[in-house]
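Results of the structural survey
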Amino acid sequence: MLEAFIENHVLNQILRQAKHVLDAEQRVNDMKVKQEFAYYSLNKAEKAFESLTNQQLELLKPLVSIKNEADFNHYKDSLEPYCIPFQPTTDAQLKKLFKKAKKLHPPHLTPDDFLHLTYLSWYDKGSMKKFIVRELEGSVKGLSGSFVPSPQNGICHFCHHMGAVGLFTVDVKTDTKNHNYKALSNYICQDEANCNAHITDTEKLDFLFDYVRGK
Ligand SMILES: [Zn+2]
């Protein structure tokens, strides 16, 4: 049996391509153009990986023959067993990540929810803070910052999707002695589940983690 090899954001990327194939199927008349577009989309899906074995490639290939919604769903289901789940975190682990927080209220997620997470996150109304947890290089890392929901829709810095956002600000100590901080603010999704369903690359998210670690 093939091991899980598809990260959540990569799955989102593949499914975005699959959706394009489905759209083209419904909008384009020319058979040749359709087919070329389907292979172009497969190529883009493959590029989401650094490398692929033949077996893994075979699994992605049916993307080119998506003709209707049922095909799309079938394709999606076929990838499901190969998705890398987010490792469920324990309360003790989270406490260790956020030592300064008095009380943590992480969401109670089902094992299914953990299947499709690029990052674990929750908003704490009391402290008006958003907490973000990510697995990096085999260990869990956390960061938190203030979060002010925005009255207008905007584009999320992480998933580049238009929707309900808020201003997320992290403060980084630059000089402990003089209590100097540098702040970094970005608009990100209010709804973490929505963001995890749309994120197709982790560049912005990873940058933030590097930033708070002073890299
Ligand atoms: Zn987002």
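The model shown is predicted, which means the values in this text are computed figures rather than measured ones. (Residues numbered from 1 in each chain as written. Predicted model: local features only at pLDDT ≥ 70, side-chain atom pairs only at ≥ 80, totals over all residues. Heavy atoms only, no water.)

Re the coordination of the zinc ion
At 2.3 Å from the zinc ion lie its protein donor atoms, namely Cys156 (SG), Cys159 (SG), Cys189 (SG) and Cys195 (SG). Considering all four donor atoms around the zinc ion, angles at the metal cover 102 to 116° and the coordination shape is tetrahedral. Read N to C, the donor residues that coordinate the zinc ion are spaced as C-x2-C-x29-C-x5-C. Here Cys195 lies in helix 7 (residues 192-198) and Cys159 lies in the loop between strand 3 (139-155) and strand 4 (162-175), a separation of 36 residues in the sequence. (Donors = N, O, S within 2.8 Å, 3.2 Å for Na, K, Ca; no water. Tetrahedral: all angles 85-135°; square planar, octahedral: opposite > 155°, others 65-115°. Helix = DSSP H or I, 4+ residues; strand = E, 2+ residues; numbered from the N terminus.)

Overview of the environment of Lys141
Mapped onto the elements, Lys141 comes out in strand 3. Note: C-alpha distance between Lys141 and Lys96 (45 residues apart in sequence) is 9.9 Å. Lys141 has contacts with Leu97, Ile132, Val133, Arg134, Leu136, Phe209 and Arg213, leaving out every residue within four places of it along the chain. Of the polar contacts made by the side chain of Lys141, one reaches the side chain of Ser139; its length is 2.7 Å. (Contact = heavy atoms within 4.5 Å. Polar contact = N/O pair within 3.5 Å; in protein donor to acceptor, adjacent residues only side chain to side chain.)

Quick notes on the domain arrangement of the chain
You can read the domains of the chain as domain 1 (8-82) and domain 2 (91-212). For domain 1 versus domain 2, the distance between C-alpha centres works out to 30 Å. In this complex, domain 1 contributes seven residues to the contact, which on the side of domain 2 involves 11 residues. Surface buried jointly by domain 1 and domain 2 totals about 760 Å² across both partners, of which 43% is contributed by carbon and sulfur atoms. It is Asn8, His9 and Asn12 that lose the most area in domain 1 upon contact with domain 2, and together they represent 61% of the buried surface on that side. Connecting domain 1 to domain 2 are zero salt bridges. Linking domain 1 to domain 2 there are seven residue pairs in polar contact (both at pLDDT 80 or more). (Domains from an automatic or database assignment. Buried area = accessible area lost by both parts, 1.4 Å probe. Salt bridge = Lys/Arg side-chain N within 4 Å of Asp/Glu carboxyl O.)

Here we look at helix 4 (residues 69-79)
Those residues of helix 4 that sit buried are Phe72, Tyr75 and Leu79. Buried residues along helix 4 cover an arc of 65° about the axis, so they all sit on one side. Among the exposed residues of helix 4, those pointing more than 90 degrees away from its buried face are Ala70, His74 and Asp77. Lining the buried residues of helix 4 we find helix 1 (8-27) and helix 3 (54-60). Residue Asn68 occupies the N-cap position of helix 4, its side-chain oxygen lying 3.2 Å from the main-chain nitrogen of Ala70. (Buried < 20%, exposed > 50% of the residue type's maximum accessible area, 1.4 Å probe, protein only. Arc of directions from axis to C-beta.)

Observations regarding the environment of Asp113
Along the chain, Asp113 turns up in helix 6 (residues 111-115). Classification of Asp113 by relative accessible area gives partly exposed; the value is 34%. Taking the C-alpha atoms as reference, Asp113 lies 12 Å from Cys83; in sequence the two are 30 residues apart.

Details of the side chain of Glu192
Tracing the backbone through its elements, the reader meets Glu192 in helix 7. For Glu192, a relative accessible area of 17% puts it in the buried group. A polar side-chain atom of Glu192 sits 2.6 Å from a polar atom in the side chain of Lys130. Other than its neighbours up to four places away in sequence, Glu192 contacts Ser121, Trp122, Tyr123 and Lys130.

Section: the packing of helix 1 against helix 2 (residues 31-46)
Between helix 1 and helix 2, the shortest axis-to-axis distance is 9 Å and the interhelical angle comes to 175°. The angle between helix 1 and helix 2 falls in the class roughly antiparallel. Seen from helix 1, the contacting residues are Ile14, Gln17, His20, Val21, Ala24 and Glu25; seen from helix 2, they are Lys34, Phe37, Ala38, Ser41, Lys44 and Ala45. Among the residues making up the contact of helix 1 with helix 2, the classes are represented as six nonpolar, three polar and three charged. (Axes fitted to C-alpha atoms, helices over the stretch in contact; angles between N-to-C directions. Parallel < 35°, antiparallel > 145°, perpendicular 65-115°, else oblique. Nonpolar A, V, L, I, M, F, W, Y, C, P; charged D, E, K, R; others polar.)

A word on the packing of aromatic side chains
Taken as a whole, this structure holds 10 aromatic pairs when the rule is applied. Arranged with centres 6.0 Å apart and planes meeting at 35°, the rings of Phe37 and Tyr40 form a pair that is tilted. With a gap of three residues between them, Phe37 and Tyr40 both fall in helix 2, about one helical turn apart. Under the relative-accessibility criterion, Phe37 is labelled partly exposed at 29%. With centroids separated by 5.2 Å and ring planes inclined at 10°, the aromatic side chains of Trp122 and Phe131 adopt a geometry described as stacked. Take Trp122: its relative accessible area is 4%, and that puts it in the buried class. Phe131 sits in the buried class, given a relative accessible area of 3%. By the ring-pair criterion, three or more aromatic residues cluster together here, those being Phe5, Phe49 and Tyr82. One cation-aromatic arrangement involves Lys19 over Phe72; the distance from NZ or CZ to the ring centre is 4.9 Å. Between Lys130 and the ring centre of Phe147, over which it is positioned, the NZ or CZ distance is 4.7 Å. (Phe/Tyr/Trp six-rings, centres within 6.5 Å; stacked < 30°, edge-to-face > 60°. Lys NZ or Arg CZ within 6 Å of the ring centre and 35° of its normal.)

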